[in-house]
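The primary structure of each chain is shown beneath.
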Amino acid sequence: KYHKVLEENCKLYNQVQDLKGNIRVYCRIRPFMPGKPNHLSTVEDLDERTITILTSSKYGKEGRKSFTFNKVFGPSASQEEVFSDTQPLIRSVLDGYNVCIFAYGQTGSGKTHTMTGPSELTKESVGVNFRALSDLFLISDQRKDSIAYDVSVQMIEIYNEQVRDLLVMDGGLNRRLEIRNNTQNGVNVPDANLVPVTSTSDVINLMNLGQKNRAVGSTAMNVRSSRSHSCLTVHVQGRYVTSGTVVRGCMHLVDLAGSERVDKSEAVGDRLKEAQHINKSLSALGDVISSLAQKQSHVPYRNSKLTQLLQDSLGGQAKTLMFVHISPEPDTLGETISTLKFAERVSTVELGSARVNKESAGVKELKQQIASLKVALARKE
Ligand code: ADP
Ligand code: MG
């Protein structure tokens, strides 16, 4: 029995260590839309880690470009497959790490499909948000004899550099919020409604409420949702029953605004303003990631609301996963290439290795358990 527990603990510990401090990038290619011409794909070839794009119809080497990522998911990959490698991240939230999962890509490339799912949700079609939460509850339930977990969620939108609460309406608008830095327990939007949840259906109800509020607060839901970032944040607090040690972790699940560059000569008024804000925040995100990659002492988190919001979950101890989405249609080739270039820049980042990583309370606890199990085992033998 001791052997088994020890083995389990060591496995868990190694998994957690293994994930430490780098940004993973998974690339997903959307299938052709039903009823649309589908004989010409910009994706010439793909395998588990590499994708080759036809950059021109010219044959030969110069008409192709390959990109390598931690994982590539083709158009037929299921929601389950796409989520399967994300499970260790969910465990680490319960061990006191901060985790950030992004969906990046141009409008229509499948970000919301990956994070939430299609408009008609079924057990098979639900996205990362739902699967992450249901894993979280499942694992916390398995551990309930030794650790008591409290889970609560916030749902926030960033639109034109304003942070709004998707769970609270104020006079027909989503309530405006401020981001605070230097807060304890990782809650840096203290005024956002923080709702305790005990099951995935609680979370689904909140997500539906958030979607409804988002639609009410804006005139055209589709336009708005592609022009703003939405972030579902899950805060977890666990208390070890015997030692009383408390671990806190949080997970941001972010559906980013469409990354397409808006043609400056065409955009006017609101569209131009939105485009400028999106460009600003996505490039701020890129800059933060680059400076983390170069291990610069100053990381420019304060250049956008998005990076401020995620400050505790990017860099250092945090674990970051970016799902990068591309469309297969030739008419979006330009955006596809710039998306892949951005993703390539992100995937070269190795975070945290230069710093002495402070161990989370959860990992300390695991180490202690491993040590005492070893002692107990030695006594037995
Ligand atoms: P985005 O959020 O990036 O703007 P969506 O997730 O809304 O894009 O996807 C655009 C359309 O394509 C939606 O109708 C969606 O259901 C469909 N779609 C996206 N990805 C997939 C996929 N992997 N499989 C099937 N349909 C998809
Ligand atoms: Mg979307």
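Model, not experiment: these values are computed from the prediction. Starting from 1, residues in each chain are numbered consecutively following that chain's sequence as written. Each chain gets a letter, beginning with A, and each ligand a number, beginning with 1, in the order they are written. Selection of residues for local features in this predicted model requires a pLDDT of at least 70, selection of side-chain atom pairs for listing and counting requires 80 or more, and totals for whole chains, interfaces and linings are taken over all residues.

### Describing the overall build of the protein chain
Along its length, the protein chain carries 11 helices and 13 strands. To assign burial, the other C-beta atoms lying within 10 Å of each residue's own C-beta are counted, with C-beta atoms placed from the backbone; 20 or more indicates buried, 12 or fewer indicates exposed, and intermediate counts indicate partly exposed. Residue burial in the protein chain is summarised as follows: out of 381 residues, 40% are buried. Relative to all contacts within the protein chain whose residues are 6 or more apart in sequence, the contacts with residues 24 or more apart total 71%. For helices the rule is a DSSP run of H or I covering at least 4 residues; for strands it is a run of E covering at least 2, with both sets numbered from the N terminus onward. With C-beta atoms placed from the backbone, a contact is any residue pair whose C-beta atoms sit within 7 Å.

### A few points about the site of ligand 1
Using a C-beta atom placed from the backbone for every residue, we mark a residue as near a molecule or strand if that atom lies within 6 Å of it. Taken together, 13 residues lie around ligand 1, and G110, K111, T112, H113 and P118 are the ones closest in. Think of it as three bins: nonpolar holds Ala, Val, Leu, Ile, Met, Phe, Trp, Tyr, Cys and Pro, charged holds Asp, Glu, Lys and Arg, and polar takes everything else, Gly as well. Its residues assigned to classes, the shell around ligand 1 comprises 2 nonpolar, 9 polar and 2 charged.

### A word on unusual backbone geometry
The phi dihedral of N160 falls on the positive side, at around 50 degrees, and the residue is not glycine. Checked against the element boundaries, N160 lands in the loop between β7 (147-159) and β8 (162-170). Overall, N160 belongs to the partly exposed group, with 16 C-beta atoms counted inside 10 Å. You will see that E161, though not glycine, has its phi angle at about 60 degrees, which is positive. Tracing the backbone shows E161 in the loop between β7 and β8.

### Details of the sheet that holds strand β3 (residues 50-54)
Two strands are counted as paired when DSSP detects at least two bridges linking them. Strand order in this open sheet of 3 strands is β2-β3-β4, and the pairing throughout is antiparallel. Pairing within the sheet leaves two strands with one partner each, and these edge strands are β2 (43-46) and β4 (64-68). On average, each strand axis in the sheet is tilted by 20 degrees relative to the strand beside it, whichever way the strands run. Pairing of β3 with β4 involves 5 bridges; the strand directions are antiparallel. Within the sheet, the bridge partner assigned to T52 lies in β4 and is S66. Axis definition: a line fitted to C-alpha atoms, over the contacting stretch in the case of helices. Angles run 0 to 180 degrees between N-to-C directions.

### Digging into the UniProt feature "binding site: ATP" (unreviewed entry) in the protein chain
UniProt positions are given in the numbering used here, feature names are shortened, and annotations may be inferred rather than shown by experiment. When the UniProt feature table is mapped onto this chain numbering, "binding site: ATP" (unreviewed entry) sits at G105, Q106, T107, G108, S109, G110, K111 and T112. Take T107: it is sitting in the loop between β6 (98-105) and α4 (111-115). Under the C-beta neighbour-count criterion, T107 is labelled partly exposed, with 18 such atoms within 10 Å. Beyond its immediate stretch of four places on either side in the chain, T107 contacts S226, G258 and E260. Note that T112 resides in helix α4. For T112, a count of 20 C-beta atoms within 10 Å corresponds to the buried category.

### Here we look at helix α10 (residues 333-347)
A helix is expected to reach a length of 1.5 Å times the quantity of its residues less one. Spanning 15 residues, α10 covers 21 Å between terminal C-alpha atoms, matching the ideal 21 Å at 1.5 Å per step. Residues of α10 that are buried: E335, T336, T339, F342, A343, V346 and S347. Each buried residue of α10 lies within a common arc of 135 degrees when the element is viewed along its axis, so the set occupies one face. In α10, those exposed residues whose orientation departs by more than 90 degrees from the buried face are G334 and K341. Looking at the packing, one finds that the buried side of α10 touches β1 (23-29), β3, β6, α8 (269-293) and β13 (319-326). Working note: the arc is built from the helix axis to C-beta atom directions.

### Examining the pairing of strand β12 (residues 246-255)
Counting buried residues in β12 gives 9 out of 10 residues, a clear majority hidden from the surface. Examined bridge by bridge, β6 and β12 share 6 bridges and lie parallel to one another. Residue pairing in the sheet places I101 in a bridge with L253 of β12. Between the antiparallel neighbours strand β11 (residues 229-240) and β12 lie 5 residues, among them G244 with a positive phi of about 80 degrees.

### Looking at the nonpolar core
Each nonpolar core consists of buried Ala, Val, Leu, Ile, Met, Phe, Trp, Tyr and Cys residues. Their C-beta atoms, within 7 Å, join them into a set. In this structure, V25, C27, F102, V234, L253 and M322 are the most contacted members of the largest nonpolar core, which totals 77 residues. It is α8 that provides the largest number of residues to this core, a total of 7 residues. The residues touching V234, leaving out its near neighbours within four places in the chain, are L133, L136, V151, V153, C250 and M251.

### A closer look at the environment of L314
Position of L314 among the secondary structure elements: in the loop between α9 (305-309) and β13. We classify L314 as buried; it has 25 C-beta atoms within 10 Å. For the pair formed by L314 and N98, sequence separation is 216 residues and the distance between their alpha carbons is 8.3 Å. Leave out the neighbours within four places in its chain, and L314 touches C100, V288, L292 and T320.

### Describing α8
Look at α8: 36 Å from first C-alpha to last across 25 residues, which is about the 36 Å you get at 1.5 Å a residue. Taken together, the buried positions of α8 are occupied by E274, A275, H277, I278, S281, L282, L285, V288, I289 and L292. Within two residues after α8, K295 carries a phi angle of roughly 55 degrees, on the positive side.

### Focus: the packing of helix α3 (residues 87-94) against helix α5 (residues 128-142)
Between α3 and α5, whose axes approach to 9 Å, the crossing angle comes to 55 degrees. Viewed along their axes, α3 and α5 adopt a mutual orientation that is oblique. The two elements α3 and α5 cross, and the hand of that crossing is right-handed. Residue-level contacts link Q87, I90, R91, V93 and L94 of α3 to A132, D135, L136, I139 and S140 of α5. An angle counts as roughly parallel when it lies under 35 degrees, as roughly antiparallel when it exceeds 145, as roughly perpendicular when it falls between 65 and 115, and as oblique in every other case. Working rule for handedness: look at the near helix, and if it is turned counterclockwise from the far one by less than a right angle, call the crossing left-handed; if clockwise, right-handed.

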